[in-house]
Structures are given as C-alpha cells and as structure tokens.
Amino acid sequence: MARGRRVFFRRRKVCKFCADKINYVDYKDVKLLQGFVPERAKILPSRISGTCARHQRILQRAIKRARHVALLPFVTD
Amino acid sequence: MRTYELMYIVDPRVPDEEVTALTEDVKGLLTAKGGQVVREEQWGRRKLAYPINKLKEGKYTLFYLAGEPGELSIDEVEFRMRQNDNILRYLTVRTDEDYKRAGMPLPTEAPPVEETDDEDAPAASGGGEEEE
C-alpha cells in the first residue's frame, strides 16, 4: 500500500515570450496584456505565468504604460 | 535617429472638428520643435479603462515620431499638452532602442496590416474595430 504517495507532475512553465521570440511588448496591445492582468487587474506574477525575469520586466513596463493611458485598469472591483 | 510614440486622450465632449484642429496643432508644434511625424492614427472614441476627470470615454490620437537628439524637444511638446485642458492624458514613449533590441523595423508610413489600410480616412477607424 502506497503511503501518502503524492507525486505531482508539475508541467514546467515556459516563458511565453521566449517561446514566441517576442522581445518588445507594445503597451497598445491590449489583447496580449489582458492575459497578464487577471480579475483584480493586478499584474500576474511570473511565478504563476512562468514568464522569465527579463520578459516580466518588459511586460510590466508595458502594462504600466497601458494603465496610464487608460487602456488597462489599475483596479477593478 | 530616435523614434517616439506620442499618445494623447482628448475630452470626448470636444467635437471631432476640434480634435482634428488640435491634431494639426500638435503636428505643427512637433514639426516646429524638430520632429518628424512618421505616422498618425486616430483611434476615435474609446472607452477608458477607468474614469478620468469623471469621464468614461476619450478620443485617442497616436503619433509615431522621429527626430535627432538635441533637435526634437519632447519636453516642450509635453509642456504644451499639460497646458491644454482638453487633453486628459498623454504618453510619450521612446521606441528606437526597444525596437532595435527586438530586431523590429522602425515604424513607417504604412500602418500595420490588420489596421485600417485606407490612409485617406484617418478618423474612419474609430467606430468599428474596438469592441468591448
């Protein structure tokens, strides 16, 4: 009898931007950015999305720019 | 050569003719300040993601600019934008370094494929393409 055998197979996350070879994220690309701001409109942590540090930085900047010009919300309730 | 994007949001209560006039003003100013307008996009009326000055919509204008360092003075353009009460927001972004890093071509006259192809009708894009 297997005792407490919990084997998770966590699929390794791959950075979407690395995979797609995207090196510039446009703040005007609302469709793309929306995928990284769930419900509360917070920026999705790279720990969840799997985005690599470099691309997370690029993405973060784009999201913040988009927020400034009201293409994305700062908060939603 | 540096490239920039300049976006601003105009109060939706401002009639379209005035927006067009303002666009021409800004364009003239940019040219006077040593810039070169590579491309212009009118997004028209668009819903804001959050209210600005209690307004829920805004009219978006976007410029793609080019200029030589030392010649183009973005500061002065931004100063004028701040003076204008009809402009709710503006955003200037320098793009040449990012484009170069990404190996992307610098913006040219031709708009990207999926956007409006007809250059003669700048305001036409406003109604149809943005859902939500």
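Every value quoted in this text rests on a predicted model; they were computed, and no experiment measured them.

(A) The overall build of chain B, seen in detail. For chain B, the helix and strand inventory stands at four helices and four strands. Ordered by position in the sequence, the α and β elements of chain B form the string β-α-β-β-α-β-α-α. In chain B, which comprises 132 residues, the share counted as buried stands at 21%. For chain B, the proportion of contacts with a sequence separation of at least 24, taken over those separated by at least 6, is 77%.

(B) Here's a closer look at the interface of chain B and chain A. Listed per partner, the contact involves 16 residues of chain B and ten residues of chain A. Of all elements in the fold, only strand S1 (2-10), strand S2 (36-52), strand S4 (87-94) and helix H3 (96-102) of chain B reach the threshold of two or more residues within the side of chain B that touches chain A. Tallied by class, the residues present in the side of chain B that touches chain A amount to eleven nonpolar, two polar and three charged.

(C) Representation of the sheet that holds S4 of chain B in the model. Residues and elements named next belong to chain B. Pairing is antiparallel in the open sheet, where four strands are placed in the order S2-S3-S1-S4. Lying at the two open borders of the sheet, with one neighbouring strand each, are S2 and S4. Between one strand axis and the next, the sheet turns through 20° on average, direction left out of account. Bridge count between S2 and strand S3 (residues 55-67): eleven bridges; the pairing is antiparallel. Residue pairing in the sheet places arginine 46 in a bridge with glycine 58 of S3. Seen against the sheet, helix H2 (residues 74-83) touches S1 and S4 and runs at an angle of roughly 165° to S4.

(D) Just the nonpolar core, in detail. Membership of the largest hydrophobic core comes to 29 residues, with the highest contact counts inside it found for Ala62, Ile63 and Ala66 of chain A together with Leu6 of chain B. When residues of this core are traced back to their parent elements, those giving at least two are helix H4 (53-68) of chain A together with S1, helix H1 (16-32) and S3 of chain B. Broken down by element, this core gets its largest block of residues, six residues, from S1 of chain B. Non-local contacts of isoleucine 63 of chain A, meaning those with residues more than four positions away in its chain, are made with Leu33, Phe36, Val37, Ile43 and Leu72 of chain A.

(E) Spotlight on H1 of chain B. All names here are of chain B. Here H1 is 17 residues long and its end C-alpha atoms lie 24 Å apart, about the 24 Å a rise of 1.5 Å per residue gives. The complete set of buried residues in H1 reads Val19, Thr23, Val26 and Leu30. Across the axial projection of H1, the buried residues extend over an arc of 70°, all falling on one side. Exposed and oriented more than 90 degrees from the buried face of H1 are Glu17, Ala21, Glu24, Gly28 and Ala32. In this structure, the buried residues of H1 make contact with S1, S2, S3 and H2. Note on H1: the residue one or two positions beyond its end, glycine 34, has a positive phi of about 90°.

Reading guide: rules and limits
Residues numbered from 1 in each chain as written. Chains lettered and ligands numbered in written order. Predicted model: local features only at pLDDT ≥ 70, side-chain atom pairs only at ≥ 80, totals over all residues. Helix = DSSP H or I, 4+ residues; strand = E, 2+ residues; numbered from the N terminus. Buried ≥ 20, exposed ≤ 12 C-beta atoms within 10 Å, placed from the backbone. Contact = placed C-beta atoms within 7 Å. Nonpolar A, V, L, I, M, F, W, Y, C, P; charged D, E, K, R; others polar. Pairing = 2+ DSSP bridges. Axes fitted to C-alpha atoms, helices over the stretch in contact; angles between N-to-C directions. Core = buried A, V, L, I, M, F, W, Y, C linked by C-beta atoms within 7 Å. Expected span 1.5 Å × (residues − 1). Arc of directions from axis to C-beta.

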